[in-house]
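# Structure assessment
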Amino acid sequence: MAQRAVWLISHEPRTALCGTVRFSRGWPGDSGCLRYPTVEKRARVFNGASYVSIPEDGPFLKALLFELRLLDDDKDFVESRDSCSRINKTSIYGLPIGGEELWPVVAFLKSGMIYACVPLVEQTLSPRPPLISISGISQGFELLFGIQDFLYSGQKNDTELSIKLSQLPDLLLQACPFGTILDANLQNSLDNIHFASVTQPQKQPAWKAGTYKGKPQVSISITEKVKSMQYDKQDIADTWQVVGTVTCKCDLEGIMPNVTISLSLPTNGSPLQDVLVHPCVTSLDSAILTSSSIDAMDDSAFSGPYKFPFTPPLESFNLCYYTSQVPVPPILGFYQVKEEEIQLRITVNLKLHESVKNNFEFCEAHIPFYNRGPVTHLEYKVSFGQLEVFREKSLLVWIIGQKFPKSMEISLSGTVTFGARSHEKQPFDPICIGGTAYLKLHFRILDYTLTGCYADQHSVQVFASGKPKISAHRKLISSDYYIWNSKAPAPVTYG
Amino acid sequence: MGPLSREAWAQRLAAFRASPSAFMADPEGEDLGRDLLSDLRNEKLSEQTKVSLLVLSLEYPVQLWPDAPAAEVAATSLLDTLVLLPPRLSALRRLLLLAATTALVAGGALGPTSGASCRLLPLLLGLASGSDLGPGFGPTSEQRSLQATACECLRELESCKPGLLGGALGLLRGLLGQAGPVQPFSLLLALALRNTLLVQSRAGAGLRGLLMAGISPTRGGPWDWTLVEEGDAHLQPQAPSWPAAEEGEHGLEAQEPSPEEARELRAAVAQLLDTTYLLTPVAQAQLLWLLGWALRGLQGQPPALFKPQLVRLLGTAQLTLLHAVLALKAAFGEALFTAQDEALLLRRLTLAAQHPALPLPTHLFYLHCLLSFPENWPLGPEGEEAAPLLLRPQLCHGLLPSLLHDPMALLARLHLLCLLCAEDEEEEEKGLVQSPRGSLEELMAGLQQRAALEGGPRALATLCFQASYLVARCLAGQPTVLTPLIHGLAQLYRARPMLAPHFVDLLDQVGPELGEPLRALLRQEVVSRPGRDEALRWHLQMLAKVADGSAQSATLSFLQAAAAHCTAWDLQQALLRVCRALLQVGGGDGLADLLQALARQLEDPDGRDHARLYYILLAHLAGPKLGVALAPSLTAPALASSLVAENQGFAAALMVQEAPAPIRLSVGSREIKGPLPVLQLQVEALESIYSLELRFRVEGQIYAPLDPVHMPCLCPGRPAHPLLLPLQPRRPAPARLDVHALYTVPTGLTCHAHLPPLSVNFSDLFLPFPHPPEGTGPGFFEELWHSCLPEGAESRVWCPLGPQGLEPLVSHHLEPFVMVAQPPTIYCVAIRLPPNSRLLLRLEAAQGDGASVALRTDDWAVLPLAGDYLRGLSAAV
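In this text the structure is predicted, and so the values were computed from the model without any measurement. (Residues numbered from 1 in each chain as written. Chains lettered and ligands numbered in written order. Predicted model: local features only at pLDDT ≥ 70, side-chain atom pairs only at ≥ 80, totals over all residues. Heavy atoms only, no water.)

All right, on to helix α29 (residues 589–601) of chain B then. All names here are of chain B. Its 13 residues give α29 an end-to-end C-alpha distance of 18 Å, which sits within 8% of 18 Å, the value for a rise of 1.5 Å per residue. Of all the positions in α29, only Leu591, Ala592, Leu594, Leu595, Leu598 and Ala599 are classed as buried. Axial view of α29: buried residues confined to an arc of 165°, hence all on one face. Exposed residues pointing more than 90 degrees away from the buried face of α29 are listed as Asp589 and Arg600. Packed against the buried residues of α29 are α27 (552–563), α28 (569–584) and α30 (605–620). (Helix = DSSP H or I, 4+ residues; strand = E, 2+ residues; numbered from the N terminus. Expected span 1.5 Å × (residues − 1). Buried < 20%, exposed > 50% of the residue type's maximum accessible area, 1.4 Å probe, protein only. Arc of directions from axis to C-beta. Contact = heavy atoms within 4.5 Å.)

See below:
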């Protein structure tokens, strides 16, 4: 269950090493990973003859970057990396170092940081046991996710990131003193250090560092992201999906205040599916547990209210995630690109569905042209909004604004001419080959959800002293909202 | 060295961390551990610096205190420092506890004979139980944090020495019920309980007694080490490995606790499970793994205890929790999960593997879990990835791969798709809107199109070939899938020949189902080119891989056309590699012409030499031998350079190999024929050999040189004709023949072996005189007898005889040479000894048990040999 070592590496493409180990204890020139010697001692016994020691940072970094294909050089075919039989289907790697193979190394790249750890395997490594049987794998993932959340939650600039990076070693000493992780929520560990002097009463949950003192209030916010793939083709069905996140912040006095939040749907609202809840939720109705997008929908589908009884942690947390299949996409569009000798003729039509709130915070359509040169000439006509041209980036941005017109339907047509392509400046895309092209919608609507889902303030039950102020917010955001050129092949997604 | 300042320490620690091994190799490095310990008590150093020192000791105890005595000293010093701390709030207390624990464990000093261990353990237990240890252990506000830390230290010690806390089970159980942090006690109790279950049967301690005992930690006297297994050999996994892999290996099965014990244990487990909700998700998962394994196979412990937790756990998005549920599933199977539960778990897993709110690494891990799902009734072979039976294609709709996925997600989902395609051949017929096979075909076409993209990154090509490999491996028996794949790949090659190395790699990895037709298509693809393509180097690399005996004329005309454009050395080498590949499969007339042309035409002398060598090989070696000559050597280790490897192959094939004797030779019975003595050799083959040539050398040159003997083939167990070896003695004397064998083995290698020498005896040289006409024998013998003297020599020998007398001796050994016989008493024997000597014997049986032999020869040198011979005969009697 324990980790033998943890690394945090910043990925720096186009530098000599392509990366730097970022753990630091605040001394100049001090770097390295976190190593756990007592765990290493056990690894030596458990792994027996198959034991491979944790390498120093230099060789580890090189091997990891190579394995993750993050070294800049991929000009030539290298068998140890490019052979068709070297298939990796998980974020768990075997790193060849000094003639031996270090396995399993849990590693992933996110926002320019590489997170890596080596879980202890409590048996021999040869033959390799299946990953599912190694408890340290999920523990390692949780630790790395915890570090990632801590570094990037609420972080706005590089200074904040460096401050958080400098706090990290002390936090890990708190949250993972002997390599066995006690709490993946590092923010909670930070609070724990600060609350340490407070005498805690009995039965304090480990995931709650202290108690809140002050005015009671509960804030619930529902954010729905809608994604869509629209093809305007006979043989390919368009797809769209809503993913909701319910975030709560409960400022309530007492050690274990109980709260129940109910999510409701209007009549004819789209049922919530695939509900995943925060571990603080104490019980879950089986109807919620079994409602899943895997099954074909029928009228008998459970449509709420969705009750979530829980004891809140101190910090803001994601109470639950859900998906939903709404009957129509909020904006239906079609996009046609025709190649005409030296230019492209494009036509775009967008139609807002009448049921959708016509009051955007913003709404834009981005029309990129990949694998071509810069835009040299453009003629166009828009029925609504304005068009901005980013010539060097070969990108058109159609700014639609806050509202669709009364007809709910807008269009754009025009011709685009491109110059000679220079590989450095114009974007490359492995999908948009030949006629394959898309436009991507970006929009946000406040105080609205596509499913209609809302948290009824009156149905929020709080079992704690004082009557809390309850506030609820909703918003709909587009995410991966693609409309593909209907005159060319397009990649299909399922589900 | 005196106390260091903050800055000096900063520099020193930075130097150490930059390279611990280099720092410790320095003479100054030795003092680091000692200086660190002494400076922890230096009042001039700030607490922050001391924290840095302790943190270093947590990470590198083995480097600082490499052996058990040093670790013991260090731990003692750390504990002393702890006691001496002033009673105010300090960040050092917690770290000192962690450091002392780490030093003892990492240095291997933990044990009943270690003074530091015997101080640390009661101290930790005292801190954990919240006893008042005096003002030296900080203000009460720090107690709670130290309580948790002490629990962590105890847990680590118990992990490394299972059974250490066996005696404290009752105390821990009591503490969990009272005040105190829940999580540290829960985890500590669960681990101690699990380890105690493991070792108690051996130690003979009653579980119930342990669970009920409520010892006082500080006044409890010496620590109880009875349950600790000596040595690391008994270290047990904290988490179960998958049960299928190790059923019966561990001692938990078939234990039968008494009903009271079972009740007490159940109560303790229930107590732990009841408060899991208060633990952080990662700690909950640890607890479930531990308890799951502790109770597996234990009688009287129904896994239903876990049931109330499951619904809550199944609903969370937390990776560790769902993983722990899967571990429980693997541990208890049907006892905890009914068929419906199993279906629900599988659906949650399927859902989690694609839930848009979860990150990619989580999706990938869940996909792995799906394919390794611990089914109640698995059908397939264990340890192999397979789609669970309950996972129907409809459920997997959202898990199908698409070009938009990340490469790893694409491959993982493609694997699942392949498994579905393999299972659902029959369902294909039903005409689903998008059959799995249809999706597969579409995806592969898209991948090929992307890989064909000019200037695209290599990763796209690699992904396409990885996907092709995966499909070929999972669906090798399905031509309906493979045929479009193969055509797509051929098309990809047409579009982007620079992917040749990927094709070569793919052909190396896949089986014949995909490999053979793909080879043929690619060959066709290459040879239909005009041969002056800019991608010529790739075509040649490809052709060297795919060229075989078929369609050789097209291949040769392509090569002929290409030769004109092969001006650079590497191109010429690539061209010659193709020729070599053709040679290996037998060559042909056209090839000989081409090689001759190349030997003249190529600009580079190395190229010309190679072409000539190939031509000579083609002209002189038969097909199979040629193949062997050019095949990579099996004995030589693989070398990086192809040139060296190539040379090694040649060398092995063209040089004569030394080998142990493949045959056994012996001299057979004599047969007298012709004018010369002939040695009849019996040959026995020990292995199959061909073209055997036996070479003989006579030691001392007393015979004329012997011609070699040839045999076309020899097989073990098949009788061979005797070999006749005519001897031409220059002197009538026995000799030793040195024998060498040169032959070919079935693999085509030519071998040489030195056989044991053969002895030619004196009697092997005997030849008879021509028989005189009937009746003139005695007269002729007398003439010979008299003609020997005066140049010759005469002697007389006494020959002892057996009871049968003289007759058997003569008939056995001298029969062909008897000229006059008066059985059974008198025999006259005349022997011709080539080149031109004679030996005459007159044997007369005397009274009693012997015979007198008179002998004459015209060559005095023969006399001692004859004497020896006769004595040998009589000795044989």
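More follows now that the structure is in view.
Let us now look at the UniProt feature "domain: AP-5 complex subunit beta-1 N-terminal" (unreviewed entry) in chain B. When the UniProt feature table is mapped to this numbering, "domain: AP-5 complex subunit beta-1 N-terminal" (unreviewed entry) covers residues 35–104 of chain B. End C-alpha atoms of residues 35–104 of chain B are separated by 18 Å, and the span's content is 74% helix alongside 0% strand. (UniProt positions renumbered as here; feature names shortened; annotations may be inferred.)

All right, on to the interface of chain B and chain A then. Taken together, the contact between chain B and chain A spans 124 residues of the former and 105 residues of the latter. Between chain B and chain A, the buried area comes to about 9900 Å², and carbon and sulfur atoms account for 65% of it. Taken together, the connections running from chain B to chain A amount to 1 salt bridge. Between glutamate 156 of chain B and arginine 42 of chain A there is a salt bridge, with the nearest N and O atoms lying 2.4 Å from each other. Here chain B and chain A share 34 residue pairs in polar contact (both at pLDDT 80 or more) between them. Broken down by class, the residue content of the side of chain B that touches chain A amounts to 66 nonpolar, 41 polar and 17 charged. (Buried area = accessible area lost by both parts, 1.4 Å probe. Salt bridge = Lys/Arg side-chain N within 4 Å of Asp/Glu carboxyl O. Polar contact = N/O pair within 3.5 Å; in protein donor to acceptor, adjacent residues only side chain to side chain. Nonpolar A, V, L, I, M, F, W, Y, C, P; charged D, E, K, R; others polar.)

Core analysis: the biggest nonpolar cluster contains 241 residues, and Phe60, Leu64, Ile147, Leu263 and Phe308 of chain A have the highest contact counts within it. Discounting chain neighbours no more than four positions away, the residues touching leucine 263 of chain A are Ile222, Val246, Leu272, Pro305, Tyr306, Phe308, Cys320, Cys453, Tyr454 and Ala455 of chain A. (Core = buried A, V, L, I, M, F, W, Y, C linked by side-chain atoms within 4.5 Å.)

All names here are of chain B. As for its placement among the helices and strands, serine 402 is situated in the loop between α19 (360–371) and α20 (407–423). The buried category is assigned to serine 402, whose relative accessible area is 1%. A polar atom in the side chain of serine 402 sits 3.0 Å from the backbone nitrogen of leucine 404.

What follows covers the pattern of salt bridges. Two side chains with opposite charge may pair up if their charged atoms get near one another. Tallied over the full model, the rule gives 33 salt bridges over all chains. Here aspartate 35 of chain B ties to arginine 12 of chain B by a salt bridge, and the two come within 2.9 Å at their closest N and O atoms. Here aspartate 35 of chain B, found in helix α3 (residues 32–39), pairs with arginine 12 of chain B, found in helix α1 (residues 6–18); they are 23 residues apart in sequence, far enough to count as distant. We note that aspartate 35 of chain B, like arginine 12 of chain B, is buried. A salt bridge links arginine 856 of chain B to glutamate 794 of chain B, with the shortest nitrogen-to-oxygen separation between them at 3.2 Å. Placement of arginine 856 of chain B in strand β14 (residues 850–857) and of glutamate 794 of chain B in strand β10 (residues 793–800) is noted, with a sequence separation of 62 residues between them. On the basis of relative accessibility, which here comes to 44%, the residue glutamate 794 of chain B falls in the partly exposed class. In this structure, a network of salt bridges that share partners links the residues Arg69, Arg81 and Asp82 of chain A.

The angle between the axes and the distance between the axes are what describe a pair of packed helices. Residue and element names in this part refer to chain B. At a closest axis distance of 8 Å, the pairing of helix α21 (residues 436–451) and helix α22 (residues 458–474) adopts a crossing angle of 150°. As summarised for this structure, α21 and α22 are arranged roughly antiparallel, according to the angle between their axes. Relative to α22, α21 is oriented so that their crossing is left-handed. In this structure, α21 contributes Leu440, Met444, Leu447, Gln448, Arg450 and Ala451 to the contact, and α22 contributes Leu460, Ala461, Leu463, Cys464, Ala467, Ser468 and Val471. (Axes fitted to C-alpha atoms, helices over the stretch in contact; angles between N-to-C directions. Parallel < 35°, antiparallel > 145°, perpendicular 65-115°, else oblique. Left-handed = near helix turned anticlockwise from the far one by under 90°.)

Residues and elements named next belong to chain B. With 6 of its 8 residues buried, α3 lies for the most part within the structure. Taken as a whole, α3 has its buried residues at Leu32, Gly33, Asp35, Leu36, Leu37 and Asp39. Each element contacted by the buried residues of α3 is listed here: α1, α2 (20–25), α4 (47–59), α5 (61–64) and α6 (68–84).

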